[in-house]
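# Architecture and fold: a report
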Amino acid sequence: MPLERRLETGSAWVQLSTTDDDWNAADPALLGTMLAELHLIRAFEETVLDLAGEGLVHGPAHSSIGQEGGAVGSIVGLRSTDAVNGSHRGHHQFLAKALTHVAGGVLDPVAPITPKIQRVLQQTLAEILGLAQGFCRGRGGSMHLQWFEAGALGTNAIVGGGVPMGAGNAWAQKHSGTDDLTISYFGDGSSQIGSVLETMNLAAAWKLPFCFFIENNLYAVSTRVDEITADARLSVRGQGFGIPGWRVDGMDPLAVFLATEQAAEQMRSGGGPAVIEAEVYRFFHQNGPYPGSAFGYRDKAEEAQWRARDPLDKVANEMAALGLIDEDGVTALQKQAQAAMSAAVSELLEPDPDKPGKRRIRPDLWPDPGFVNVGVRGDAGELGKLPVLEPTTFQGAWREMKFVEAVAGVMDRRMATDERIVIFGEDVHRLNGGTNGATKGLAKYGEDRLIGTPISENAFTGLGGGLALDGRFRPVVEFMYPDFMWVAADQVFNQIGKARHMFGGENAVPFVLRTKVAMGSGYGSQHLMDPAGIFATSPGWRIVAPSTAADYVGLMNAALALEDPVLVIEHVDLYGIADRVPDGDLDYIIPPGQAAIRRTGDDVTVISYLSMVAHCAEAIEQTGMDAELIDLRWLDRASIDWATIEASVKKTNAVLIVEQGARGSSYGGWLADEIQRRLFDWLDQPVERVSGEEASPSISRVLERAAIARTEEVVAGLEKIRIGMGQS
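Residues numbered from 1 in each chain as written. Predicted model: local features only at pLDDT ≥ 70, side-chain atom pairs only at ≥ 80, totals over all residues. Heavy atoms only, no water.

Labelled according to an unreviewed UniProt entry, the protein appears under the name dihydrolipoyllysine-residue succinyltransferase, originating from Mycolicibacterium aurum. Check the Catalytic activity (unreviewed entry) section of the UniProt entry for the protein; it says "N(6)-[(R)-lipoyl]-L-lysyl-[protein] + 2-oxoglutarate + H(+) = N(6)-[(R)-S(8)-succinyldihydrolipoyl]-L-lysyl-[protein] + CO2". (UniProt positions renumbered as here; feature names shortened; annotations may be inferred.)

Given below as structure tokens:
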């Protein structure tokens, strides 16, 4: 018979409950603050549901009624410099953090309403109603609440999507030399999501001061947690990553406070992350003013049992037993909270003149429709004082340098002059510069600035996004291949790309994403895409695609200085090319809106980027056409050089857009449409496009070549233009 020995994980897993002694020992000011916050949040949520019932809340109203104890208990003891983020059901988390911040950690249950408290309540309600005075200027609504000053990083409509971002904030806290911490709130449904589990691994490996706070309300919309996981003990999730866990009654705010206090001691002392599972219950359905029993997935008996454990009653009863408050005091507190909400509502609503007995939102409080696109990106004003150099007209000394040496060289220069820059990616810290030598020589900056990651693009990309929003660091994330963006698509597109605009248009997001196009290298369908077309149609991103080493230096310097997320696309065909850069310290930029004319001509405007610029030059030479060749360099809508394109097209009256990758996800599709809309009167024939085929490149050398564009395809495109011009 084999020998068997029961193994232990070595990580603590604790069920924490309060005793009479805990309540007796609790600071009366703490209990009073908890009770005041609970009542303010409850009155707020009841007001939201009332307004939703009147049809005045546009979109969902995910109330937290019943769940307030978990948020208040975990947040009331935090500092303003500690941070929280959460899920779509996050009013209570946001309010607990905001109220604790403006109150300095102490609210008087006898007189809790101060001008600052009133302002928080009104501004939060205004945000949920979509009004200009809201914290996110009306763009966030119920599901996107953010106030950096209070340490509220933002609630999130993508289930579990905010967890990697929260870990990025915790990384910034740790590496800024603080003992602050971050708590990320998510539910039982999110506990099965890859973003959460990947982030648990990262947070544990890097010992981040980060708390995974699970609000287990038993239902993901209408699906019970025990239906979708074999182990519904959610606080055990961290055990496989070496993370200790606490399970606590979330209807007992003091128990939550004590569990958080224990977890915080570990996190602040450098012991790494923690998991807290608070068992709570939402008294209403997923969205709106009706109980879950109205939809048939819960029964009234279950709801009644949980309502009997209301956290507001729990704290009030315990305080009464200690002689800290009486029934009249609780009633007075409740009335003050309700009155505060009535006052907030009166500032935002007025009688509807067209519907007697009804109310409407005051028309003057809506955002100006002209605000719709403001803040998709910044204005790039931060580049204004940086030295600009145009390599095509540079008259100074040059030095020889391979393209890939320029990639590593400019990053070396920037890391030496800007200690905020940190690099994350798979194998970037090994192999003498990663898999292609792009980080060669950067290991000297230490393991806290050149960081090899696990294979978890979703987690480390989101962590980089949270780090960018924090503002103390400037993350550079490498995707070994661009196809991996789909693994991290939520973080890339839903989070990082939308963050500035979604939360009001003012947040800087200094994030650089590096990747390489590898068409022709034989790596097949899941490694060889060109991401330009996908990113160009996704809001928030800037895109650079250099074709020379000198351009790479200027474009990367600009990308690292911008307060926007920037995709930097490289091409493996360029890495080994002998090239040159201006002699000196590699400090210049090439700002947005500056394309390069590689060849002047009168017959046709050829527009391209990356390695296809050289193929276009070869094709032009072979055909003998007098073509003007534009190297875009900046590809996104906000940064593209329309002045150069328009001047060229008005001269040539014909356009050929050239790219290497698949036609379906191509960059040229939107660009051709935009050119024809802007310049239709100057075009003598439709815009022509050269691209790869519909299929992504295959492993077979023959099929891979057939799937992508190179010089021969450009020649064919130019000949088609020639025929359209009536030339033989």
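Still to come is the rest of the account.
Taken together, 5 strands build an open sheet; the order of strands is E20-E22-E21-E23-E24 and the sheet is mixed. In this open sheet, the two edge strands, each paired with only one partner strand, are strand E20 (596-599) and strand E24 (688-690). On average, each strand axis in the sheet is inclined to that of its neighbour by 25°, with strand direction left out of account. (Pairing = 2+ DSSP bridges. Helix = DSSP H or I, 4+ residues; strand = E, 2+ residues; numbered from the N terminus. Axes fitted to C-alpha atoms, helices over the stretch in contact; angles between N-to-C directions.)

Turning next to the environment of Glu215. Along the chain, Glu215 turns up in strand E5 (residues 210-216). For Glu215, a relative accessible area of 4% translates into the label buried. Taking the C-alpha atoms as reference points, Glu215 and Gly189, separated by 26 residues in sequence, lie 9.6 Å from one another. Sequence-distant contacts of Glu215, defined by excluding residues within four places in its chain, comprise Gln67, Ala71, Arg89, His92, Gln93, Phe186, Gly187, Asp188, Ala278 and Val280. At 2.7 Å, the side chain of Glu215 and the side chain of His92 are in polar contact. Side-chain polar atoms of Glu215 contact the side chain of Gln93, separated by 3.0 Å. (Buried < 20%, exposed > 50% of the residue type's maximum accessible area, 1.4 Å probe, protein only. Contact = heavy atoms within 4.5 Å. Polar contact = N/O pair within 3.5 Å; in protein donor to acceptor, adjacent residues only side chain to side chain.)

Here 6 strands make up an open sheet; going across it, the order is E14-E13-E15-E16-E18-E17 and the pairing parallel. Taken across any chain shown, the strands that pair with only one partner, and hence form the sheet edges, are strand E14 (450-452) and strand E17 (542-544). On average, each strand axis in the sheet is inclined to that of its neighbour by 20°, with strand direction left out of account. Note that strand E13 (residues 421-425) and strand E15 (residues 474-479) share 5 bridges and pair parallel. Counted as the bridge partner of Ile421 is Arg474 from E15. Of the strands in this sheet, E13, E15 and strand E16 (511-517) are in contact with helix H14 (residues 457-470), which crosses E15 at around 160°.

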